[in-house]
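Here is how the chains run, residue by residue.
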Amino acid sequence: MAQDDNFEERLARKELLDAFNEVRAVRGEPPLTEFPEPPFCSFCGKGRSETGALVEGLDAHICLLCASEAARLLRNATD
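Because the structure is predicted, anything quoted here is derived from the model rather than measured.

A. Main features of the side chain of glutamate 29. Assignment of secondary structure puts glutamate 29 in the loop between helix 1 (2-26) and helix 2 (48-51). Residue class for glutamate 29 comes out buried when judged on its relative accessible area of 18%. Setting aside residues no more than four positions away along its own chain, glutamate 29 makes contact with Arg24, Lys46 and Leu65.

B. Local environment of the nonpolar core. Ranked by size, the top nonpolar core spans six residues in total: Cys41, Cys44, Leu54, Ile62, Cys63 and Cys66. Not counting residues up to four positions away in its chain, the partners in contact with cysteine 63 are Cys41, Cys44, Thr51, Ala53 and Leu54. Counting five residues, the second largest nonpolar core, distinct from the first, contains Leu17, Leu32, Phe35 and Phe40.

C. Summary view of the state of the cysteines. Taken as a whole, this structure holds zero disulfides when the rule is applied. Cysteine 41 takes part in no disulfide bond, and the closest cysteine sulfur, belonging to cysteine 66, lies 3.7 Å away. Here cysteine 41 falls in the buried class, since its relative accessible area comes to 0%. Sulfur of cysteine 66: no disulfide; nearest cysteine sulfur belongs to cysteine 63 and is 3.7 Å away. In this structure cysteine 66 comes out as buried when scored by relative accessible area, which is 6%.

D. Spotlight on unusual backbone geometry. Residue proline 39 follows proline 38 across a cis peptide bond; omega there is -5 degrees. With respect to the helices and strands, proline 39 occurs in the loop between helix 1 and helix 2.

E. Looking closely at the packing of aromatic side chains. One pass over the structure, following the stated rule, counts three aromatic pairs. For the pair phenylalanine 20 and phenylalanine 35, a centre-to-centre distance of 6.3 Å together with 35 degrees between the ring planes defines the contact as tilted. Of this pair, phenylalanine 20 sits in helix 1 while phenylalanine 35 sits in the loop between helix 1 and helix 2, placing them 15 residues apart in sequence. The residues phenylalanine 20 and phenylalanine 35 share a single accessibility class, namely buried.

The rules we used
Residues numbered from 1 in each chain as written. Predicted model: local features only at pLDDT ≥ 70, side-chain atom pairs only at ≥ 80, totals over all residues. Heavy atoms only, no water. Helix = DSSP H or I, 4+ residues; strand = E, 2+ residues; numbered from the N terminus. Buried < 20%, exposed > 50% of the residue type's maximum accessible area, 1.4 Å probe, protein only. Contact = heavy atoms within 4.5 Å. Core = buried A, V, L, I, M, F, W, Y, C linked by side-chain atoms within 4.5 Å. Disulfide = S-S within 2.5 Å. Phe/Tyr/Trp six-rings, centres within 6.5 Å; stacked < 30°, edge-to-face > 60°.

Listed below in structure tokens is the structure:
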């Protein structure tokens, strides 16, 4: 069972890394080659050393750039 859990964790980390890299590609940023060490932005995968600050939620963090983009998207959605 422990091997199955380890496989599922590795698969989830790979899927999350792929999602981070999709966001980074849209922004023209280089892809991450390995899963970031916590804490990191739950949206783009940047660590605190790259962002300077992270807003911490219960189970997630968000960097200023992602928070700004989210605010812009919300403003546009309500216009």
